[in-house]
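Residue-level listing of the chains:
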Amino acid sequence: MKLWESVEAEYRERTPTSKEMYHETRDHVPMGVASSYRAWDPHPLIIDRAQGAYLYDVDGNSYVDFDMNNGAGMSGHAHPAVTEVVTEQLRNGTLFTHPHELLSEAAAELKKRWDAIDKVRFTNSGTESTMHAIRIARAYSGKDKLLKIEGAYHGCHDYVLMSKSAPGRLSGHPERPSRVVESHGVPEKTAETVEIAPWNDLEAVEGILRENINEIGALIVEPIVMNTGMLQPYGDFLKGLRELCDEYRITYIFDEVKTGVKIAPGGAAEYYDVEPDLVTMAKSIGGNFPVGAIGGKEEVMAQIEHGAAHYGTYNGNPLVLQALVTQLREVLTEDAYEHVDALGQRMVQGYEDIMEDQGIDGHVEHVNSQGSILFTDERIENYRDWLDNIDYDLHENFWFSMVNQGIMPHPHSADQQWTISVQHTEEHIDETLEAFKHVAPRLAEEQQS
Ligand SMILES: Cc1ncc(COP(=O)(O)O)c(C=O)c1O
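A few points on the structure. Owing to the predicted nature of the structure, the values given are computational and were not obtained by experimental measurement.

### Points about the side chain of N404
Mapped onto the fold, N404 is located in helix α15 (residues 392-404). A distance of 3.2 Å separates a polar side-chain atom of N404 from the backbone oxygen of V7. Residues within four places of N404 in sequence aside, it is in contact with V7, E10, Y11 and R14.

### Here's the deal with the environment of I373
On the secondary structure map, I373 appears in strand β14 (residues 370-374). For I373, a relative accessible area of 3% translates into the label buried. Sequence separation between I373 and W418 is 45 residues; the distance between their C-alpha atoms is 8.8 Å. Contact partners of I373, with chain neighbours within four places excluded, come to Y351, M355, H363, V364, F398, H410 and F436.

### Quick word on the pattern of salt bridges
Enumeration according to the criterion identifies 21 salt bridges in this entry. In this structure, D48 and R49 form a salt bridge, with 3.4 Å as the shortest nitrogen-oxygen distance. Looking at D48, the relative accessible area reads 48%, which means it is partly exposed. Of the charged contacts in the structure, one is a salt bridge between E105 and R329, with a shortest N-O distance of 3.2 Å. In this pair, E105 is assigned in helix α5 (residues 102-113) and R329 in helix α12 (residues 318-331), connecting sequence segments 224 residues apart. Judged by its relative accessible area of 26%, E105 is partly exposed. By relative accessible area, R329 is classed as partly exposed at 41%. Through salt bridges with shared partners, one network takes in E105, E109, K112 and R329.

### Section: the pairing of strand β13 (residues 363-367)
Regular strands have side chains that alternate between both faces of the sheet. With five of five residues buried, β13 lies mostly within the body of the structure. Examined bridge by bridge, β13 and β14 share five bridges and lie antiparallel to one another. Residue pairing for β14: V364 is matched across the bridge by I373. A loop of two residues connects β13 with β14, the two strands running antiparallel in sequence, and N368 in this loop sits at a positive phi of about 50 degrees.

Definitions and cut-offs
Residues numbered from 1 in each chain as written. Predicted model: local features only at pLDDT ≥ 70, side-chain atom pairs only at ≥ 80, totals over all residues. Heavy atoms only, no water. Helix = DSSP H or I, 4+ residues; strand = E, 2+ residues; numbered from the N terminus. Polar contact = N/O pair within 3.5 Å; in protein donor to acceptor, adjacent residues only side chain to side chain. Contact = heavy atoms within 4.5 Å. Buried < 20%, exposed > 50% of the residue type's maximum accessible area, 1.4 Å probe, protein only. Salt bridge = Lys/Arg side-chain N within 4 Å of Asp/Glu carboxyl O. Pairing = 2+ DSSP bridges.

In structure tokens:
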């Protein structure tokens, strides 16, 4: 039997209630999920509860969870300190559409971590953060076009739903990538305000800037392209972009929704020692609560005072800001970073040793708490390398085989990465590696067949 047939059969056997509930949900909810990425074949797991390092599904299976809510869960699930403070706030009101003390307390926590941040506005998600940041960026530079990197994801609004997972045949020349819109309903006129650049190629970026010298006013990057298997910036790429932005009068946005507070206390800006003009955040700043933020230099954020609109009923509500303040003060401490970084090393070493022992072509891309397993020996520097080299089928076999062993190795997609939370332990890492040891020989056979 081909590997996939047995892996899928085992998954179905373990998860009949998930299947049934998923099909019922589809009668009421498009695709049966609340965010379209969450639907997969044969059916997603229906989750009953999540605690500490574990997810529990409705069939009674437990999973050591390294998906961690697509990276929002560096605290682990239901962290006691966050739960306590939020429970207390529930009794004192969850939403004030008036200013309150937590606004400056929460902003101060982010300012401590980012030199690039003088002022902060809060949002409810990463999508909102990038949408508003792009507007502020354009207002500051006075130019309308956005430059976006091929393979990067910045949420689900019209200006960024393009050239994330475009097929090669539509993607154009690697140095002048075509703009490929990846959602119906995005107006062509809106899409035309976005240009696409390759990652890790400063010369190509400069060429595109020169061709659009009076139009491009904002550059948005994931400082590590965390939505294409952790494409790291090589050499001085991020600093080079800083220089280009200064030279061409462009507002430089670091989308730190996935890197912020996770790869270092002050995110990628600290890790790579680069000062962007604006930083967008969400996910792990909030201890699994829905909060986002935009931070930036005084003169850039002043655009909000000079007419760049930023409104929102739920912005900066006390419930999520309590979670944020506790997460940044009490959960993501210096010791916590040491803990997750050490576990990250252990995981990488373990995965790579097992792949080598079994003769699997593969390696891990990794920065501290974040890691992505890539089934190729090639170095992957940009989206085109990714397209040419990644074996999606083998990844499906890997992911479901691990899930069948009670390990959720990362979100369900080859282009995603694990998050090690403060509630993971060495035992969780070792259990994961034991499961991989069990799965690896069959993957090796499949890869070599
Ligand atoms: C880098 C990046 N930016 C923005 C977003 C959008 O965040 P949200 O899902 O909170 O809207 C994501 C989500 O995965 C992301 O990875």
